[in-house]
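# Coordinate inspection notes
The chain contents come next:
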Amino acid sequence: MRPIPSVLGLRCLLCGRHFETDEVDYVCPDHYGAATLSVVYDYQYVAGSTSPDRLASDPDRSIWRYRPLLPVHPDADPPPLQVGGTPLLPAKVLEEEMGVRLWVKDEGRQPTASLKDRASALAVLKARERGAGIITAASTGNAGAALAALCAAAGIPSVIFVPATAPQPKVAQLLSFGATVLLVRGSYHQAFDLCLWASGEFGWYNRNTGYNPYMTEGKKTVSYEIWEQLGYRVPDVVVVSVGDGCIIGGVHKGFEDLRQLGWTDRVPRLIGAQAAGSAYLAQAWRRREDLTTKPPIRAETVADSISADLPRDRFKAMAAVTETGGAFVEVSDAQILNAIVTLGQRLGVFAEPAAAASLAGLIEARRQGLVERGERVVVISTGNGLKDIDAAMRAVDESGEGPLSVDPEIEALAEGLAGRFLGP
């Protein structure tokens, strides 16, 4: 493979061992397949290739505006779908209630309606570098949909392993993009392991979150955008939902890149929101457990996208929280469903359960005193509510905001509306 001028190699987070980029494909061989590798950059080279001023004048709003900070060749041809450039929305209506200055990063505006598009765009380029003819992933839906779409746009076949319990809208996305979909009668954990075996056996390129170190690099671009959209400043706190841990690891890497370049002098505190029924990392953080020996849990939550028996990117996720002075919080399914309604009614953002968990996490963090009044906070809404219509309907029904049923008569309409708009 041709060397990438901005990349110095890969470093293991656990043992510090350095690898050339053509020496290993995915993981450090000394840690039993755990996701521990991080891409190391030549920041002096990067600083000579881009700057805040150059970014400000760049009309390209996709993630490729950050090409010098990505592990791709300068002349690599990305898939034609525009990935990145999602809005950072001021949440003025919620600020008074929350007691903080608040923005919501709406990743539901991506091509397949989730933040996972950022990683999948990079997966396509890395697979091309290696001459792979097929790309595969295990997914509860979002990562698979992102990969399937980006592969379709690039003319590369994809094979997606999905738990049979995945929401139908997510499976429909996979099929509509032409992916070969394997519904696994088991958990995401089991689908992940099956995908690992298949990629090794058949020589497919493996995009798996928490295994492929380059997926962190795609996801970190969300941090660059937040920094730019806040006027080249970083917030005090970023709250993001956590399942496998790759997103929060990427958010951390992105802000750390900015600090290494001298474009900011600090990294925000990162707060990871986990569903109470899938709280592996929150438990480990609270109890100070060893991630190398902590066994899998049995995850069960309405937020399927963050349901993980054994978070595959657990080391990067834990580092993201501990190195920034952040925290993990647990939120119940009821809190998550309520946050879906809050985001929709107060901001016009339609969030799937995993995305709404971030706002629920902020509310819980404020309750616990982990976020102070007046701080500048960004909540990342990771995916659109159309991904899981059943959960959205459950959320509105439980909030008492379900539809009104009326007869097709004026009197019936007036009677039905009396309690909401027309007074007693």
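That block above? That's the structure.
The notes below deal with the structure included here. Note that this is a predicted model, so its numbers are computed, not measured.

### Thoughts on the pattern of salt bridges
Taken as a whole and judged by the stated rule, the model has 25 salt bridges. Between E107 and R118 there is a salt bridge, with the nearest N and O atoms lying 2.8 Å from each other. Taken as a pair, E107 in the loop between strand 5 (101-106) and helix 4 (117-129) and R118 in helix 4 lie far apart in primary sequence, 11 residues in all. For K220, the salt bridge is made with E217, and the minimal N-O distance between the two is 2.7 Å. By relative accessible area, which is 0% here, K220 ends up buried. Connected through shared salt-bridge partners, D25, K126, E129 and R130 make up one network.

### As for helix 15 (residues 389-399)
Taken as a whole, helix 15 has its buried residues at A391, A392 and A395. One side of helix 15 carries all its buried residues, which in axial view fall inside an arc of 100°. Those residues of helix 15 hidden inside the fold are in contact with helix 13 (333-347) and helix 14 (353-367). Of the residues one or two after helix 15, G400 is the one with positive phi, at around 80°.

### Things to note about the environment of D388
If you trace the backbone, D388 turns up in the loop between strand 13 (376-381) and helix 15. What makes D388 buried here is its relative accessible area of 9%. Contacts of D388, omitting those with residues within four sequence positions, involve P167, V302, D304 and P353. Of note is the side chain of D388, whose polar atom sits 3.2 Å from the backbone nitrogen of A391.

### Digging into the sheet that holds strand 9 (residues 205-206)
Overall, parallel pairing links the 4 strands, which are arranged 8-7-6-9 in an open sheet. With one partner strand each, in any of the chains shown, strand 8 (180-184) and strand 9 form the two edges of the open sheet. Bridge count between strand 6 (residues 135-138) and strand 9: 2 bridges; the pairing is parallel. Opposite T136, over in strand 9, you have N206 as the bridge partner. Against the sheet, helix 7 (residues 188-202) contacts strand 6, strand 7 (158-163), strand 8 and strand 9, and its axis sits at roughly 160° relative to strand 6.

### Details of the environment of L88
By the element assignment, L88 lies in strand 4 (residues 88-90). Among the residues examined, L88 registers a relative accessible area of 13% and is labelled buried. Spatially, the C-alpha atoms of L88 and W103 are 6.2 Å apart, while their sequence positions differ by 15 residues. Setting aside anything within four residues of it in sequence, one finds L88 in contact with W103, V104, K105, I226, Q229, L230 and V378.

What counts and how
- Residues numbered from 1 in each chain as written.
- Predicted model: local features only at pLDDT ≥ 70, side-chain atom pairs only at ≥ 80, totals over all residues.
- Heavy atoms only, no water.
- Salt bridge = Lys/Arg side-chain N within 4 Å of Asp/Glu carboxyl O.
- Helix = DSSP H or I, 4+ residues; strand = E, 2+ residues; numbered from the N terminus.
- Buried < 20%, exposed > 50% of the residue type's maximum accessible area, 1.4 Å probe, protein only.
- Arc of directions from axis to C-beta.
- Contact = heavy atoms within 4.5 Å.
- Polar contact = N/O pair within 3.5 Å; in protein donor to acceptor, adjacent residues only side chain to side chain.
- Pairing = 2+ DSSP bridges.
- Axes fitted to C-alpha atoms, helices over the stretch in contact; angles between N-to-C directions.

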